[in-house]
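# Examination of the molecular architecture
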Amino acid sequence: MKLFRGRIFTPTGNPFEDSRAWTAFEDGFLAVEDGRIAAIGPWSSRPEASELVEFGSAALLVPGFVDLHLHAPQLEMIGSFGGQLLEWLERYTFPNEAKFADPKHAERVARLFYDELYRHGTLTALVFSTTHTSATETFFREAERVRFRAILGKTMMDRNAPPELLEDPETAHRESRGLIERWNGRGRLGYAITPRFAPTSSPRLLELAGALHAEFPETWVHTHLSESAIEIEWVRRLFPDARDYAAIYDRYGLLGERSVLAHAIHLDDEERALVASRGSRVAHCPNSNLFLGSGLFPMQQMLESGIAFGLGSDVGAGTALSMFSVMADAYKVQQVRGLVLTPVQLWYLGTLAGARALHLDAETGSLEPGKAADFLVLDLEATPLLEARTRTSQSFEEILAALIFLGDDRAVLECRVEGDLLRSRDLSIPGRPGGATFARVNRRRSAEGGSQ
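How each quantity is defined
- Residues numbered from 1 in each chain as written.
- Predicted model: local features only at pLDDT ≥ 70, side-chain atom pairs only at ≥ 80, totals over all residues.
- Heavy atoms only, no water.
- Pairing = 2+ DSSP bridges.
- Helix = DSSP H or I, 4+ residues; strand = E, 2+ residues; numbered from the N terminus.
- Expected span 1.5 Å × (residues − 1).
- Buried < 20%, exposed > 50% of the residue type's maximum accessible area, 1.4 Å probe, protein only.
- Contact = heavy atoms within 4.5 Å.
- Core = buried A, V, L, I, M, F, W, Y, C linked by side-chain atoms within 4.5 Å.
- Axes fitted to C-alpha atoms, helices over the stretch in contact; angles between N-to-C directions.
- Parallel < 35°, antiparallel > 145°, perpendicular 65-115°, else oblique.
- Left-handed = near helix turned anticlockwise from the far one by under 90°.
- Nonpolar A, V, L, I, M, F, W, Y, C, P; charged D, E, K, R; others polar.
- pLDDT = per-residue confidence, 0-100.
- Right-handed = clockwise from strand over helix to strand, strands pointing away.

## Let's talk about the pairing of strand β2 (residues 22–33)
- Strand direction decides the pairing type here: strand β1 (residues 2–11) and β2, joined by nine bridges, are antiparallel. Across the sheet, the residue bridging to Phe9 is Ala24, located in β2.
- Across six bridges, the pairing between β2 and strand β3 (residues 36–42) is antiparallel. Following the sheet pairing, Ala31 is matched in β3 by Ala39.
- The loop that links β2 with its antiparallel partner β3 comprises two residues; one of these, Asp34, has a positive phi angle of about 55°.

## A word on helix α4 (residues 169–183)
- Between its first and last C-alpha atoms α4 spans 21 Å; for 15 residues at 1.5 Å apiece the expected length is 21 Å, and the two agree.
- The set of residues buried in α4 consists of Pro169, Thr171, Ala172, His173, Ser176, Gly178, Leu179, Ile180 and Trp183.
- Contact partners of the buried residues in α4: α3 (133–145), β9 (155–156), β10 (189–195) and α5 (203–215).
- The positive-phi residue at the C-terminal boundary of α4 is Gly185, with phi of around 80°.

## Here's the deal with unusual backbone geometry
- Cis peptide bonds are those with omega within 30 degrees of zero, and the linkage from Val315 to Gly316 qualifies with 5°.
- Inspection of the secondary structure assignment puts Gly316 in the loop between β14 (309–311) and α11 (323–337).
- Positive phi, normally seen in glycine, also occurs at Arg147, with a value near 60°.
- Examined against the element boundaries, Arg147 turns out to sit in the loop between α3 and β8 (149–153).
- Residue Arg147 is classed as partly exposed on the basis of its relative accessible area, which comes to 27%.
- A positive phi is found at Ser226, a non-glycine position, where the angle reads about 50°.
- Mapped onto the elements, Ser226 comes out in the loop between β11 (220–225) and α6 (229–238).
- The exposure class of Ser226 is buried, given its relative accessible area of 1%.

## Overview of the environment of Arg182
- Along the polypeptide, Arg182 turns up in helix α4.
- Classification of Arg182 as partly exposed rests on a relative accessible area of 39%.
- Each C-alpha atom, one on Arg182 and one on Gln394, is 50 Å from the other, the two residues being 212 residues apart in sequence.
- With residues up to four places along the chain from it excluded, the contact list for Arg182 reads Thr133 and Glu137.

## Things to note about the nonpolar core
- Core analysis: the biggest nonpolar cluster contains 111 residues, and Tyr114, Trp347 and Leu403 have the highest contact counts within it.
- The element contributing the most residues to this core is helix α2 (residues 103–119), with seven residues.
- Every residue in contact with Trp347, bar those within four places of it in the chain, is listed here: Phe9, Val62, Phe65, Phe324, Met327, Leu378, Leu400, Leu403 and Ile404.
- Of all hydrophobic cores here, the second largest spans 15 residues; its members include Val32, Ala59, Leu61 and Ala373.

## Digging into the packing of α2 against α3
- Taken N-terminus to C-terminus, the directions of α2 and α3 make an angle of 40°; their axes are 9 Å apart at the nearest point. Our classification of the angle between α2 and α3 gives oblique. In this structure, the crossing between α2 and α3 has a hand that is right-handed. Contact residues: α2 offers Ala106, Glu107, Val109, Ala110, Arg111, Phe113 and Tyr114, while α3 offers Ala135, Thr138, Phe139, Glu142 and Ala143.
- The residue makeup of the contact of α2 with α3, split by class, is eight nonpolar, one polar and three charged.

## Brief notes about the confidence of the model for the protein
- Considering every residue of the protein, the mean pLDDT works out to 93; 94% of them sit at 70 or more.
- The model gives residues 428–452 a pLDDT under 50, and that stretch makes 77 contacts with residues more than four places away or in other chains.

## Structural notes on the pairing of strand β12 (residues 259–263)
- With five of five residues buried, β12 is to be regarded as a mostly interior element.
- The sheet contact formed by β11 and β12 spans five bridges and is parallel. Paired with Leu225 across the strands is His263, a residue of β12.
- In this sheet, strand β13 (residues 281–284) lies alongside β12 in parallel orientation, the contact comprising three bridges. Paired with Leu261 across the two strands is Val282, which belongs to β13.
- Handedness of the β12-helix α8 (residues 269–278)-β13 crossover: right-handed.

Listed below in structure tokens is the structure:
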């Protein structure tokens, strides 16, 4: 058994329902055995162990972040300015995604993609690929190589996009089915059936996507819903017989407990009731909603409707892979809407809420016995300003707030997957260069497993 000693924080439940649904220790231990958390508690109650990894008071152990919606192929176009959703897709997204017909391009971006996620402390993600089967295979292979927990899907599109990105529905169904058989449930990987959104999907494609999910109910469904007003009007013209946008997906069996709907900003009361009744989940992506001018997420209405949601970086409309940035923007959006979020609520949305949305909360999202030992070590002195702010913090909530609003990738000292060091600021994931040193953080090992 290995012990990790330091400050510890973890959500343990939904703080929107119970403000006390979290645990923290000023001087705590995390016991890891065979890649899983064996125990957690105050240092005074630590068990015997064969090895100790000890951090000083300037470090905080937390669960790894869960990103509920992002587009891996859009990594290199992040921050492409100008235009709202539909114009932005035509100007930047579709030309960029066409590059993934080149296997070497896909391999290079896949390596960068997972390295960047680890660098920012994201250990689990729900990911869009492109329409290219080979590129999707590449993203799966690289995730497996670096032990990243990924739920991935090949994008399905058969209309209203450049010809080089389109497939007929039968081909999209056949290729997606093959990917499911090869990758779903393999190690830390899962498959998401991924029609991009209703405007690029014919009724036949949505029908086959729904049939695929019915055949493989353990898969996920990942798509977009009601991101912008112009998009919704387009959907009305394309599906004139549908009551609303959400009803289109429901008609084809694409709303269910394993469905994650990105954005969902502009749902009316009936749509929210439908989404809630089906148990579908929503990915709130505040960075990209602000960047594209799409709208402000109605979180209070989602809470009142009983719809589960977590946070997504989106990328490339999102302007950062950092969940610190996403949490900070989520806070600001709700401030404008009149809802004040606590640091614990924000941290829950970036970790356990995402894991619950993906039905992975038995594995990850919090530091609790029985779960995989997937966690981060955050450096509270990563920058002079962060050090000044956390040094004067009087509570864990103040420390979390400082990290949310002042933190970035420099604060992520270590990423641990099943207890193993997968990335640090000195040691990158395999085949990638590292960065800064372990300044000010004390790490010691002891054969007896006690403090020295």
